[in-house]
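Per-entry structural report
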Amino acid sequence: MALPTSGKKNFKDRVVAIDLGSKSTKAALVKAQGVGKLILEGYTIQNTPILEGGVRPENVGLLTAHLKSILK
């Protein structure tokens, strides 16, 4: 499941937070509304791909594809 987006490309009042864990990747889309008020617009939890030897140049493509799937 990817984060929901409205198709707009201008998100000045939104932020995406991503936690790349060893077993699962968690992401949240938060919108600021007014002063001191935040609204959770969406979240996702996905399995983190197994990166043999950690984050290395040969694993960058796999990690990039994983992050793109979260932001779709």
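The preceding data block contains the structure.
Report on the accompanying structure. Given the structure is predicted, the values throughout are model-derived calculations rather than measurements. (Residues numbered from 1 in each chain as written. Predicted model: local features only at pLDDT ≥ 70, side-chain atom pairs only at ≥ 80, totals over all residues. Heavy atoms only, no water.)

**Observations concerning helix 1 (residues 60-71)**
- When the terminal C-alpha atoms of helix 1 are compared, their 17 Å separation across 12 residues agrees well with the 16 Å that a helix rising 1.5 Å per residue should span.
- Inspection of helix 1 places Leu 63, His 66 and Ile 70 among the buried residues, and these make up the whole buried set. Take helix 1 and look down its axis: the buried residues cluster within an arc of 60°, on one side only. Every exposed residue of helix 1 that faces more than 90 degrees away from the buried side is listed here: Gly 61 and Lys 68.
- Contacts made by the buried residues of helix 1 are with strand 1 (14-20), strand 2 (24-32) and strand 3 (38-47). (Helix = DSSP H or I, 4+ residues; strand = E, 2+ residues; numbered from the N terminus. Expected span 1.5 Å × (residues − 1). Buried < 20%, exposed > 50% of the residue type's maximum accessible area, 1.4 Å probe, protein only. Arc of directions from axis to C-beta. Contact = heavy atoms within 4.5 Å.)

**Things to note about the pairing of strand 2**
- Of the strand pairs in this sheet, strand 1 and strand 2 are connected by seven bridges, and their pairing is antiparallel. Residue pairing for strand 2: Arg 14 is matched across the bridge by Lys 31.
- Counted between consecutive antiparallel strands, the loop separating strand 1 from strand 2 contains three residues.
- Both strand 2 and strand 3 contribute to a ladder of nine bridges, which runs antiparallel. Bridge pairing in strand 3 links Ser 24 to Asn 47.
- Taking the residues that link successive antiparallel strands as the turn, the strand 2-strand 3 hairpin has five residues, and the phi of Gly 34 there is positive, at about 75°. (Pairing = 2+ DSSP bridges.)

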